[in-house]
Amino acid sequence: MSVPITLGKLIDFFSSTNPQIPFGLSVWQASFALLALFTAGALANTGRAILMRMAGQRIVARLRERTYAAAIRQEVEFVERGEGDVLSRLSVDTSIVGESVTQNLSDGLRSIVMSTVGLGAMFYLSPTLTLLMLAVVPPVSLGAVFYGRYLKQLSNKTQEAMGEMTKVATEALSALRTVQAYNAYGQEENKFHERVNKVLALARREATASGIFFGSTGWSGNVTLLALLGYGGNLVSLGEISVGDLTSLLLYTVYVGSGLQMLTTFFSSIMRGIGAGTRIFELLDRRPAIPPDTGVPVPPTRRGPVKFEGVHFEYPSRKGVEILKDLNLELDAGESVAIVGKSGGGKSSIHALLLRYYDPVRGKITFDGQDIREFTVTSWRQIIGIVPQDPVLFTGTIASNIAYGNPSASREEIEQAAREANCEFIWGMPKGFDTEIGRQSLSGGQRQRLAIARALLKKPAILALDEATSSLDATSERRVNDAVDKILRSRQTTVLIVAHRLSTIARAERIAVLEDGRITELGTYRQLLNRPDSRFRALMAAQLNSLVADPPNGDDPAAPETPENPETKEMI
Ligand SMILES: Nc1ncnc2c1ncn2[C@@H]1O[C@H](COP(=O)(O)OP(=O)(O)OP(=O)(O)O)[C@@H](O)[C@H]1O
């Protein structure tokens, strides 16, 4: 801020017929003093840039971690429907906030200092000229306020549009095999193009607004300079102000002008930052519909009974469509129950309720007589092992995948679980348990057995098993079934199997037929088969017809395999 006044003094010094050395310094001394000042300024600037950038990056890193932690604790529905728009909050919004509270804030402070000190110096040099200059400030500030508000609105819309764009891309990229199999390049490009165009249209509006704003502020700045030059020149000729002071004043006007312009940018960036911050804090402050840590811990060492009492359920995204209607079912501790029913009948939804991905709309599920909603979700899920239809693998070694629910498990425990789950294929791999795998790098049957090992390693009190329907060949199916069989026979775990194949169904102690959202038949395999008008028999007709020998017996380990029958699979 000392530059304009120094230059003015120098001009007066050199143009004077009787030069007076400013502040009593020699020209050399003054030059050195200025050099020292510039060096100190440069050092401060370097420090500011480094510190601000680092602080910004740290804020971004911390915000990202917290947002991510908050996102993965939300109920699955919120994230799966893309409602949370988590990815764009994690990537874009956090950067904007980080930049706002560091870079923009520091630029803002600088511009405040530039404008106020500049104005003070101008008043000192010539109050009249300063007042003339100030005439342009109110209209420009008013414009800045409107511009800032408009930009905040646009920024919110842009973030939303970017979120949509990311969602489309993520969906296609994660299903690239399907996209390529159907040659759906054009279709996917069109979807993406539509979303990109929305972002572009918003960017166009932002560009127009900023163009108009900066064009008009630049114009008013130059007109002000012109007015100052005209009026100030007059004052110089009248001898009321020196050429040097007028020069200093004009330079200060430029400083103040650019300070005010930076303030406008600051204001609009802060508005953008507030928009992005709101989106982040919305997610950070959001209380999950099923909070993970409220309630009491699950009583230890219990395995049941698990009871579904008058459970009604509909998906929040499909209100009014009741999937389960007054479902009643009881599983004793250590018992295995297979649920059978038509495809889409709600079998997997029962698992989803058991795991508390959702809560029933009416009715309750109890464990050892206590409503499971009273337990902390984390402690409840801790005692449940799941084997989904299409198990998910994570990038890492086979060992780390098996130990997913129990990272501190020893190698012996991991190998033991793998042995129990018939994962003999692991020993055949060159690197065994240290083999690196990706999401898709094992076959369907291997993935299922690995998932069984993963579930067993947790030594769960309850096992929720969703049988793979189509991905297994006869040999893999037999191996998976044998693994399941071991679990059922041990009676160490209460097992709720969503079953499709007769060979599995027959091994469960009891079978529950799910029809029209409720259990319509319940009993052992033989009881259900021998019932007159058996719904179970009707459901299983195709599979039963394809059996040539005796029907499989729950006690007979050599029960016949069910032949592949696409029609049956479709029906069940
Ligand atoms: N997340 C969801 N949101 C809305 N509706 C859903 C959701 N998941 C499943 N549904 C619907 O709920 C119904 C029951 O689905 P569910 O997956 O429980 O059936 P299922 O008996 O396990 O079928 P399958 O044997 O084919 O796996 C279906 O009509 C399905 O369309």
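Residues numbered from 1 in each chain as written. Predicted model: local features only at pLDDT ≥ 70, side-chain atom pairs only at ≥ 80, totals over all residues.

Asks: Can you help me understand the site of the ligand in this one?
Replies: Near the ligand you find 13 residues, and of these Tyr315, Ser343, Lys347, Ser348 and Ser349 are the closest. The biggest single contributor to the shell around the ligand is helix H10 (residues 347-354), with 3 residues. (Near = placed C-beta within 6 Å. Helix = DSSP H or I, 4+ residues; strand = E, 2+ residues; numbered from the N terminus.)

Asks: For this particular structure, what's the right way to read the pairing of strand S10 (residues 494-498)?
Replies: Two faces belong to every sheet, and in a regular strand the side chains alternate between them. Counting buried residues along S10, 5 of its 5 residues qualify, which places the element largely inside the surrounding structure. Neither face of S10 is left uncovered, since the one carrying Thr494, Leu496 and Val498 and the one carrying Val495 and Ile497 both have all their residues buried. Pairing of strand S9 (residues 462-466) with S10 involves 5 bridges; the strand directions are parallel. Residue pairing for S10: leucine 463 is matched across the bridge by valine 495. (Buried ≥ 20, exposed ≤ 12 C-beta atoms within 10 Å, placed from the backbone. Pairing = 2+ DSSP bridges.)

Asks: Please explain the sheet that holds strand S1 (residues 306-313) as it appears in this structure.
Replies: In any sheet, the strands associate via hydrogen bonds between backbone groups, in a parallel or an antiparallel arrangement. Pairing is antiparallel in the open sheet, where 4 strands are placed in the order S2-S1-S4-S5. Only two strands of the sheet have a single neighbouring strand rather than two, namely strand S2 (324-331) and strand S5 (370-371). One ladder, built from 2 bridges, connects strand S4 (residues 362-367) with S5; its direction is antiparallel. Its bridge partner being in S5, threonine 366 is matched across the sheet by aspartate 371. The sheet strands contacting H10 are S1, S2 and S4, and the helix crosses S1 at an angle near 115 degrees. (Contact = placed C-beta atoms within 7 Å. Axes fitted to C-alpha atoms, helices over the stretch in contact; angles between N-to-C directions.)

Asks: Is there a simple way to think about the packing of helix H8 (residues 185-237) against helix H9 (residues 243-285) in this case?
Replies: Any two packed helices are characterised by how steeply their axes cross, that is the angle between the axes, and by the distance between the axes. Two elements in contact, H8 and H9, have axes whose closest approach is 10 Å; the angle formed by their N-to-C orientations is 165 degrees. Between H8 and H9, the interaxial angle falls into the category roughly antiparallel. For the element pair H8 and H9, the recorded crossing hand is right-handed. For the pair H8 and H9, contact is made by Thr217, Gly221, Thr224, Leu225, Leu228, Leu229, Gly232 and Val236 and by Val243, Leu246, Leu249, Leu250, Thr253, Gly257 and Gln261, respectively. Classifying every residue of the contact of H8 with H9 by side-chain character gives 8 nonpolar, 7 polar and no charged. (Parallel < 35°, antiparallel > 145°, perpendicular 65-115°, else oblique. Left-handed = near helix turned anticlockwise from the far one by under 90°. Nonpolar A, V, L, I, M, F, W, Y, C, P; charged D, E, K, R; others polar.)

Asks: Help me understand the nonpolar core in this model?
Replies: Across soluble globular proteins, nonpolar side chains show a tendency to be buried alongside one another. Ranked by internal contacts, the top residues of the largest apolar core, which has 73 residues, are Ile339, Val340, Ala453 and Ile511. With 7 residues, helix H14 (residues 444-457) is the largest single contributor of residues to this core. Ranked by size, the runner-up nonpolar core spans 29 residues in total, among them Ile5, Ala121, Leu249 and Phe266. (Core = buried A, V, L, I, M, F, W, Y, C linked by C-beta atoms within 7 Å.)

Asks: Can you walk me through the UniProt feature "transmembrane region" (unreviewed entry) in the protein chain in this structure?
Replies: Residues annotated by UniProt as "transmembrane region" (unreviewed entry) correspond here to residues 20-44, 108-125, 131-150, 207-229 and 249-270. As annotated, residues 108-125 comprises 100% helix and 0% strand, and the C-alpha atoms at either end are separated by 25 Å. Structurally, residues 207-229 is divided into 100% helix and 0% strand, and its ends, taken at the C-alpha atoms, are 32 Å apart. (UniProt positions renumbered as here; feature names shortened; annotations may be inferred.)

Asks: Just checking my understanding: could you explain the sheet that holds S9 for this structure?
Replies: Here 6 strands make up an open sheet; going across it, the order is S6-S9-S10-S3-S11-S12 and the pairing mixed. Strand pairing shows two members of the sheet lacking a second neighbour, strand S6 (384-387) and strand S12 (518-523), which therefore form its edges. Each neighbouring strand pair of the sheet contributes to a mean axis angle of 20 degrees, computed without reference to strand direction. In the sheet, strand S11 (residues 510-515) pairs with S12 via 5 bridges, with the strands oriented antiparallel. Opposite isoleucine 511, over in S12, you have glycine 523 as the bridge partner. With respect to the sheet, H14 is in contact with S6 and S9, its orientation differing from that of S6 by roughly 175 degrees.

Asks: So what exactly am I meant to see when it comes to the environment of phenylalanine 375 here?
Replies: Checked against the element boundaries, phenylalanine 375 lands in the loop between S5 and helix H11 (377-382). Phenylalanine 375 sits 78 residues away from proline 297 along the chain, and the two C-alpha atoms are 5.4 Å apart.

Asks: For this particular structure, what's the right way to read the confidence of the model for the protein chain?
Replies: Mean pLDDT over the protein chain stands at 83; residues scoring 70 or higher make up 91%. Considering only residues more than four positions removed or in separate chains, one finds that residues 548-572, a stretch of pLDDT under 50, has 43 contacts. Two summary scores accompany this predicted model of the complex, namely pTM at 0.74 and ipTM at 0.95. (pLDDT = per-residue confidence, 0-100.)

Asks: Help me understand the packing of helix H4 (residues 86-125) against H9 in this model?
Replies: Following both chains from N to C, one finds H4 and H9 inclined at 155 degrees, their axes separated by 6 Å at the closest point. The orientation of H4 with respect to H9, classified from their angle, is roughly antiparallel. Of the two possible hands of crossing, H4 and H9 adopt the one that is left-handed. For the contact of H4 with H9, the class distribution of residues is 21 nonpolar, 12 polar and 6 charged.

Asks: Got a minute to help me understand helix H5 (residues 127-134) in this structure?
Replies: Three or four residues apart is the spacing at which side chains of an α-helix point the same way, because the helix has 3.6 residues per turn. Restricting attention to buried positions, one finds in H5 the residues Leu129, Thr130 and Met133. Here the buried residues of H5 occupy an arc of 100 degrees about the axis, which is enough to place them on one side. Looking at H5, the residues exposed on the side facing more than 90 degrees away from the buried face are Pro127 and Leu131. (Arc of directions from axis to C-beta.)

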